[in-house]
Protein chains: 2
Amino acid sequence: MRATIKDIARLAGVSAQTVSNVVNDRPVVGEATRRRVLDVCRQLSYTPNAAARGLVTGSRKVIGLVVPHIGNPSYGDLIATLTRIAGAAGYSVVVGDTGWNAGPERELLRSLIRQSVDGVILASGNDASGLQALRDAGVPTVLVFNYFEGCDADVFRIDNLAAFRMVTRHLIGLGHRRIGFVRGLMSTVVKAREDGWRSALAEAGLEAGDELISASTFDQHGGHAAVTALLGLADRPTAVVCTSDIMACGAMDAAADLGLDVPRDLAVTGFDDIFVAGMRRVRLTTLRYDRARLAQQAFDRLLQVMAAPPGQSPGPRQSIALSCELVVRGSCGSPAGADPAATRIRTPKEVARP
Amino acid sequence: MRATIKDIARLAGVSAQTVSNVVNDRPVVGEATRRRVLDVCRQLSYTPNAAARGLVTGSRKVIGLVVPHIGNPSYGDLIATLTRIAGAAGYSVVVGDTGWNAGPERELLRSLIRQSVDGVILASGNDASGLQALRDAGVPTVLVFNYFEGCDADVFRIDNLAAFRMVTRHLIGLGHRRIGFVRGLMSTVVKAREDGWRSALAEAGLEAGDELISASTFDQHGGHAAVTALLGLADRPTAVVCTSDIMACGAMDAAADLGLDVPRDLAVTGFDDIFVAGMRRVRLTTLRYDRARLAQQAFDRLLQVMAAPPGQSPGPRQSIALSCELVVRGSCGSPAGADPAATRIRTPKEVARP
DNA sequence: TTGAAAGCGCTAACAG
DNA sequence: CTGTTAGCGCTTTCAA
């Protein structure tokens, strides 16, 4: 059916080895032979079989990328960027969506291992079991966004604590005293964000009671449900800090559904700065980070780890916590008459912990 | 490094073939042997090498999915759904993002062919060259959304003409007489949508001049640019039909940036019904279709084609044009006092053309 | 500069 | 029920 190296060899009157040399641009082939072989390749539209090649070379030139929710434009952007970067380096990307669930994640990782991917960028995972499975299989892995207690892996993440302290301080500065926290499933990431929220409240002498924390799914429906609950409190919050923009979208809708105005009756903040947040109709105050940079750093490091002799990673583990910038828009009641263009406040800078 | 079937065989004191039988759940193995083998597998955390298996069985259990823009939640949803469906059938999905460009698409398809994917779902492509490449390589392919003149392939698409005629009629019914058309790159899909817009105008005796058509990129920036241009016309439109929700988002912003109110000064419609369209702040009138169904149908058909003897497809080509429903929200100036909940109008029904 | 032989990890087909 | 043999498409020796 599909032409193999032998077919080409036969038709070109050379050996399979010579065809291989031509196809791989090894400069040991005579010009005449070369042209003849390439001609036949084109004629049969020959494409090397990567699986067969991988079997012998030990590298498939494929990496896996596991995310929790492709429908979130934030992850969509990450995937697009990473696909581009990896493609330029000759790697294909297998993308998996876990839907924030452990079962699919486990299956996905098993599948990636079976496929002998050269490495994995893991942007999902609620516990360290997935990472452990990859490690057992000897698959180089880099974590993005998430990380686990005491895990020995390269991590490229957000400085969640600083980011959420910053946004909470911003709300406090605007006069808010009762500030809710809207989160998805618990994880180290969410924990750090909660700690950021908590620490900002603490330093202002404000209460961070458990009733101010509302947990739900990590999408717009979750944000809606969580905020509906918070607004049902007797002493309801005047502001909510959401852990993603899509949750914040749901939060704004929840307020609207109760006849409340954002920002007058409820201030809302998000995280990710997806395109929706910047819409004139939405104007969501949120936290932004450099997704392209995160992707680039993670991939560069993965290349290093993949190049290292099996078993150990090259040099010390890298653990980068990228800082965010606060993007102030209208969803928190910016002072009247202020310039409607987004005001940006940067945190100190990137923090590297070796 | 990674355990192979031979390692297992040696440690369990059986032949490789027996290990293979155990791993593949073939019921020809004694219970005692079975347990012993499985034990060793677990101990070495053995995972079969899919590439090696694929080499001999001829099937990798992988399909490719090519989309033009992962960052668009509409495609994100499609990917997530398809990943789930395919996973349930034992297939992994390799996702590629072309960014609407021919170069990346070509590269992506070459990569998929090299990887010997069992089949491809092509939701991208501006011309038939990609499809041709897949055909030359003997890779079963199903088209989703897009299609090409006279192409002999299974297609699962939207009835674009009917959909855009419907939405344009809706605007005409609301009293609009000058209606712009905002599109991305030209393609058969966009052409059909334009024809829908044009035919609705024609039947109302309205003008469909070229100056009312504004082309740009298929994202929010494109929508912004295109509508900014339309609003710069001396005799500017009072409504714009956009070919995607994210373009419509940009369109709404463009109006706002010029100090115009949607819907009072400009009516805007989209396509896809992504979650943003339903937000209370946005309330975008748009066209909805059943993404999950589209994905399911396309995958089912791909399975059929993959199961068929190489070369021909099983039975006649399928060409399904799924109809849309109009989701009326606030972006076109729904009559005052109307129920703010979305009103839905269904088109006749699904049209199948064999 | 080219060819022949061996083998990557696995399964199909047969033999025992 | 289990083991042996052969070979998938390719690259890596090594020899000519």
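See above for the structure.
Bear in mind the structure is a predicted one, so any value in this text is a computation, not a measurement. (Residues numbered from 1 in each chain as written. Chains lettered and ligands numbered in written order. Predicted model: local features only at pLDDT ≥ 70, side-chain atom pairs only at ≥ 80, totals over all residues. Heavy atoms only, no water.)

Engineer: Account for the protein's contact with DNA strand D, with residues named and values stated.
Structural biologist: The local shell around DNA strand D holds 26 residues, among which I5, Q17 and Y46 of chain A together with G30 and T33 of chain B are the closest. Considering the 4 Å shell around the protein, atoms of DNA strand D inside it are sugar or phosphate in 74% of instances. The backbone of I5 of chain A places a nitrogen or oxygen atom 2.4 Å from a phosphate oxygen of DNA strand D. At 2.5 Å, a side-chain N or O of T33 of chain B approaches a phosphate oxygen of DNA strand D. Of all the secondary-structure elements, those providing two or more residues to the surface near DNA strand D are α1 (5-12), α2 (16-23) and α4 (50-57) of chain A together with α2 (16-23) and α4 (50-57) of chain B. Ranked by the residues each element gives to the surface near DNA strand D, the list is headed by α4 of chain A, at 5 residues. For the surface near DNA strand D, the per-class residue count stands at 11 nonpolar, 12 polar and 3 charged. (Near = heavy atom within 4 Å. Polar contact = N/O pair within 3.5 Å; in protein donor to acceptor, adjacent residues only side chain to side chain. Helix = DSSP H or I, 4+ residues; strand = E, 2+ residues; numbered from the N terminus. Nonpolar A, V, L, I, M, F, W, Y, C, P; charged D, E, K, R; others polar.)

Engineer: Go over the nonpolar core with me, naming the residues and quoting the values.
Structural biologist: Note on soluble globular proteins: their nonpolar side chains tend to be buried together. In this structure, V268 and V276 of chain A together with V268 and V276 of chain B are the most contacted members of the largest nonpolar core, which totals 163 residues. Discounting residues that sit within four places of it in the chain, V268 of chain B has contacts with V240, C242, A248, A251, M252, V262, L284, T285, S331 and C332 of chain B. In this structure, L108, A153 and A192 of chain A together with L108 of chain B belong to the second largest nonpolar core, which totals 42 residues. (Core = buried A, V, L, I, M, F, W, Y, C linked by side-chain atoms within 4.5 Å. Buried < 20%, exposed > 50% of the residue type's maximum accessible area, 1.4 Å probe, protein only. Contact = heavy atoms within 4.5 Å.)

Engineer: Residue-level account of the protein's contact with DNA strand C, with values.
Structural biologist: Surrounding DNA strand C, one finds 25 residues, the nearest of these being G30 and T33 of chain A together with I5, Y46 and R53 of chain B. When the atoms of DNA strand C within 4 Å of the protein are grouped by moiety, sugar and phosphate amount to 75% of the total. Contact between DNA strand C and T18 of chain A: a phosphate oxygen at 2.9 Å from a side-chain N or O atom of the residue. Note that a base nitrogen of DNA strand C is positioned 3.2 Å from one of the backbone N or O atoms of A52 of chain B. Secondary-structure elements contributing two or more residues to the surface near DNA strand C are α2 and α4 of chain A together with α1 (5-12), α2 and α4 of chain B. Ranked by residue count, the leading element in the surface near DNA strand C is α4 of chain B, at 5 residues. Taken together, the residues of the surface near DNA strand C break down into 11 nonpolar, 11 polar and 3 charged.

Engineer: Go over the environment of N72 of chain B, please, and point to the residues and values.
Structural biologist: Residues and elements named next belong to chain B. Here N72 shows up in the loop between β1 (62-67) and α5 (73-88). Residue classification places N72 among the buried residues on the basis of a relative accessible area of 5%. For the pair N72 and Q220, spaced 148 residues apart in the sequence, the C-alpha separation amounts to 9.6 Å. Apart from the residues lying within four places of it in its own chain, the contact partners of N72 are I246, D272 and I274.

Engineer: For the packing of aromatic side chains, give the residues involved together with the corresponding values.
Structural biologist: A full pass over the atoms with the stated rule returns 16 aromatic pairs over all chains. Centre to centre, the rings of Y91 of chain A and F299 of chain A are 6.2 Å apart; their planes meet at 75 degrees, and the pair counts as edge-to-face. In this pair, Y91 of chain A is assigned in the loop between α5 (73-88) and β2 (92-97) and F299 of chain A in helix α12 (residues 291-307), connecting sequence segments 208 residues apart. The two residues Y91 of chain A and F299 of chain A agree in class, both being buried. Geometrically, the ring pair formed by W100 of chain B and F218 of chain B is stacked, given 4.4 Å between the ring centres and 15 degrees between the ring planes. With W100 of chain B in the loop between β2 (92-97) and α6 (102-114) and F218 of chain B in the loop between β7 (213-215) and α10 (220-231), the pair connects residues that are 118 residues apart, well separated along the chain. Among the aromatic residues, those joined into a cluster by ring pairs are Y75, F145, F164, F181, W197, F271 and Y289 of chain A. When the ring centre of F271 of chain A is taken as reference, the NZ or CZ atom of R193 of chain A above it lies at 4.1 Å. For R157 of chain B, the ring lying beneath its charged end belongs to Y147 of chain B, and the centroid distance is 4.5 Å. (Phe/Tyr/Trp six-rings, centres within 6.5 Å; stacked < 30°, edge-to-face > 60°. Lys NZ or Arg CZ within 6 Å of the ring centre and 35° of its normal.)

Engineer: Residue-level account of the relation of the copies chain A and chain B, with values.
Structural biologist: Rotating chain A by 180 degrees about the axis while translating it 0.0 Å along that axis superimposes it on chain B, leaving an RMSD of 0.1 Å. When the rotation and shift are considered jointly, the pair of chain copies conforms to a two-fold rotation axis. Residue by residue, 100% of the interface of chain A is reproduced at the interface of chain B, so both copies engage with the same surface. (Least-squares fit on C-alpha atoms with pLDDT ≥ 70 in both.)

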